[in-house]
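Results of the structural survey
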Number of protein chains: 2
Amino acid sequence: MTGSPSPTAPNPGPALLTDRYELTMVAAALADGTADRQCVFELFARRLPDGRRYGVVAGTGRLLDALTRFRFGPDELELLSRVVDEDTCAWLRDYRFTGDIDGYPEGELYFPGSPVLTVTGTFADAVILETLALSIYNHDCAIASAAARMVTAAAGRPLIEMGSRRTHEEAAVAAARSAYLAGFATTSNLAAGRRFGIPTAGTAAHAWVLLHDDEPAAFRSQVAALGTDTTLLVDTYDIRKGIANAVEAAGTGLGAVRIDSGDLGELTRQAREQLDSLGATTTRIVLSGDLDEYAIASLRAEPVDSYGVGTSLVTGSGAPTAGMVYKLVEVDGRPVSKRSSAKESRGGRKSALRRHKPTGTAVEEVVFGHGSEPALGPDDRVLPVPLVRGGELTAEATGATLDDARERLRTALVAVPWEGLKLSRGEPAIPTTFPQG
Amino acid sequence: MTGSPSPTAPNPGPALLTDRYELTMVAAALADGTADRQCVFELFARRLPDGRRYGVVAGTGRLLDALTRFRFGPDELELLSRVVDEDTCAWLRDYRFTGDIDGYPEGELYFPGSPVLTVTGTFADAVILETLALSIYNHDCAIASAAARMVTAAAGRPLIEMGSRRTHEEAAVAAARSAYLAGFATTSNLAAGRRFGIPTAGTAAHAWVLLHDDEPAAFRSQVAALGTDTTLLVDTYDIRKGIANAVEAAGTGLGAVRIDSGDLGELTRQAREQLDSLGATTTRIVLSGDLDEYAIASLRAEPVDSYGVGTSLVTGSGAPTAGMVYKLVEVDGRPVSKRSSAKESRGGRKSALRRHKPTGTAVEEVVFGHGSEPALGPDDRVLPVPLVRGGELTAEATGATLDDARERLRTALVAVPWEGLKLSRGEPAIPTTFPQG
């Protein structure tokens, strides 16, 4: 079928997951001698999505993994021979990133202007990573940032990520990773379990009940196969009858019931009362059905035990992309920046630190260049860490785990001023300042 | 690095791109004997995204390709042995889809309730495809539906897809495919060029200009490497000077200038005037910079030659997922459907036809079950086609091309009543009716 890849095609590496212009710029730079100029590119967000108060860094691990596989083999070069000249193809054949990368570790917060990633190398070495780096960060940060708000809204109740079906099949795997990083307990996505070791969970679909002659038969069969600790979906026909059938099938030791439609607050109260009256006092109530952070927050007073979140998670709850850009900020030690009307940026290589009160509350993101390093107070924290040196992953990079990132975010959110955790629209939780050297 | 796949991992097939509950349902159904019940699942949208007037079918080719690779090998089974029992693992090891699939061909329009895909097979055979089918259709239809509106708004001017950096790196490739299907001229995404044969295009980034000692040097070099027909990005510093530098570097035969920021309408008029006054009367003007269908429409009166569209395309312009569901509608010939408060659906296997006036204008989407087939008028068209029979792709499936889909959409949109092509929010362009048998 034209328009489809060959079923026997080998695993494509990430090197073609990029914009054509990166390659033609490399070709032109190799031709005019600028390809070897030492450059610094910075990946950052000019602003947060409308009304959001913080962003969550995610994607670093995925980018570094992709970097180690970023190679132009025969398969890639076959296409590129029609895009660039022979000398460029020869250069691409030998391409290995040999520069340095610094960045905020995964799970760290970011704010407008935070230098989330800094790539240092020759122009050709570094420009070629632009699209891939942006794709990964724009997606993963968007999902993690939305997920973190849902975790806050859930106030300690576990969240199940179940949005795979609402987004591109590979984006789904990355979304599950970002959600776990942000504090979700589990994912329904099996590939995310396989690739990233994230705990997987699942209940059953309405199809399971409809497949059987009646609801009791479906429930009995599920309990027989999966044990009494399973979750029975009780809203296919009549929820009250469904709960009665569920407890009859599994006994009072039933693990959980799931409700996926209707007025969830009211239904939850009724379900808890009914379960308790049947003696199923330990049976949990799982809610799902178009939940977002606002719906989760509105259910805080109800006897919910956990939430399944799908669409709103994988679409970033209204902000499906983080708006990160990848800008050339320095050439051979000289700061550079676009200067026309809109979309200005600050030239020069930068670092950043976050200032905190002695109480631990964050007060300011300070983004500074060489020559304007501010004094580091006892409660302040320098944010970027070295990730790549001379093309090789650092110990900080190879030692990083998803669980570290999860813990880092948890700690960072504790330090956010209380109004920064509000779900309502507002300004960034802390201001970003740019001291002049 | 934990949280990252091994760099030496083999190409994972699509079989784990699914929700855990599909597999546990298969396990329970194998145990209780319902796995072999003959089932019909239907993939459809209950409604269109808020205010949209039609949807565009996309993803069929990608799903059918994935189906041919949907296998549980040692890599998948290693994980699944911790999720399901041994008998289920053995069943999965031998899994091949052996049922039938019918569906709207790619590029066809859909409306609320249109049976976009119908999967017929045993419960276990068919339920296992739910998540993958939904991921592909929910993503690809969302992008194609947004893209089609942009193509209408551009009124014949070519559109370049350049949104890769704003979405997950693999979603980007699928988005480029959907955009081309919907009538975009080219994509910046090289992998989309490689996998799907889509024409690729590109200009240069602001980094290109900033890399050089000055703008004239950058332009001269780009023209030397890529020819005078290249597109020069003129808004890094001062657009008026940029255009003068561009024509000086390339001569009056310069291919195009690109403007990526500022008041695009005003800047376009000034640029056209300046280019003409310099004798560069054939030099085209390419606009980019956060364009969506509304911005494109508002530029209709300006002397724009083409548009580059990024963020709004890959995020579905406000509707990043198509809201498709995959519902069990028939078991052993018996119609089934969920009956509780919300999210109801119609049971029974269905087909559909679109009625047209003798003038060719579409008037109605008729979705019907067995026993209520309406008479087919001379201007009506039956919509689903056979895609898979006994697990094998049909000639309709293997013969389908992206260019066919593109042409199919073009034709289908010509038949939409004029108010259905309006960009403003409204009702579906034609009503869906469900005659009772």
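So, how was this worked out
- Residues numbered from 1 in each chain as written.
- Chains lettered and ligands numbered in written order.
- Predicted model: local features only at pLDDT ≥ 70, side-chain atom pairs only at ≥ 80, totals over all residues.
- Heavy atoms only, no water.
- Axes fitted to C-alpha atoms, helices over the stretch in contact; angles between N-to-C directions.
- Helix = DSSP H or I, 4+ residues; strand = E, 2+ residues; numbered from the N terminus.
- Parallel < 35°, antiparallel > 145°, perpendicular 65-115°, else oblique.
- Contact = heavy atoms within 4.5 Å.
- Nonpolar A, V, L, I, M, F, W, Y, C, P; charged D, E, K, R; others polar.
- Expected span 1.5 Å × (residues − 1).
- Buried < 20%, exposed > 50% of the residue type's maximum accessible area, 1.4 Å probe, protein only.
- Arc of directions from axis to C-beta.
- Pairing = 2+ DSSP bridges.
- Least-squares fit on C-alpha atoms with pLDDT ≥ 70 in both.

Right, let's talk about the packing of helix 1 (residues 20-32) of chain B against helix 4 (residues 86-93) of chain B for a bit. Residue and element names in this part refer to chain B. Packing of helix 1 against helix 4 leaves a shortest axis separation of 9 Å and a crossing angle of 110°. Comparing their axes, helix 4 and helix 1 come out roughly perpendicular. Between helix 1 and helix 4, the contacting residues are L23, V26, A27 and L30 on the first element and T88, W91 and L92 on the second. In the contact of helix 1 with helix 4, the residues fall into 6 nonpolar, 1 polar and no charged.

Before going further, it helps to spend a moment on helix 16 (residues 402-414) of chain B. Residue and element names in this part refer to chain B. For helix 16, with 13 residues, the first-to-last C-alpha span of 19 Å sits near the 18 Å given by 1.5 Å per residue. Among the residues of helix 16, those classed as buried are L402, A405, L409, A412 and L413. Buried residues along helix 16 cover an arc of 95° about the axis, so they all sit on one side. With respect to the buried face of helix 16, the exposed residues turned more than 90 degrees away are R410 and V414. The secondary structure elements touched by the buried residues of helix 16 are strand 2 (55-56), strand 4 (109-110), helix 6 (130-154), helix 7 (169-181) and helix 8 (190-196).

Glancing now at the pairing of strand 5 (residues 117-122) of chain A. Residue and element names in this part refer to chain A. Among the 6 residues that make up strand 5, 6 are buried, leaving the element largely enclosed by the rest of the structure. As paired strands, strand 1 (residues 38-45) and strand 5 are joined by 6 bridges and run antiparallel to one another. Paired with V40 across the strands is T120, a residue of strand 5. In this structure, strand 3 (residues 100-103) lies alongside strand 5, joined through 4 bridges in antiparallel fashion.

Residues and elements named next belong to chain A. If you check helix 6 (residues 130-154), its first and last C-alpha atoms are 36 Å apart, about what 25 residues at 1.5 Å a residue would give, namely 36 Å. Counting buried positions along helix 6 gives 23 out of 25 residues, so the element sits mostly inside the fold. Looking at the residues trailing helix 6, positive phi occurs at A155, about 50°.

Mapping between the two copies of the chain is achieved by a rotation about an axis and a shift along the axis. It takes a turn of 180° to lay chain B on chain A, together with a shift of 0.0 Å along the axis; the resulting RMSD is 0.0 Å. Each copy turns onto its partner about a two-fold axis. Most of the interface of chain B is mirrored in chain A, where 100% of its interface residues again form contacts.

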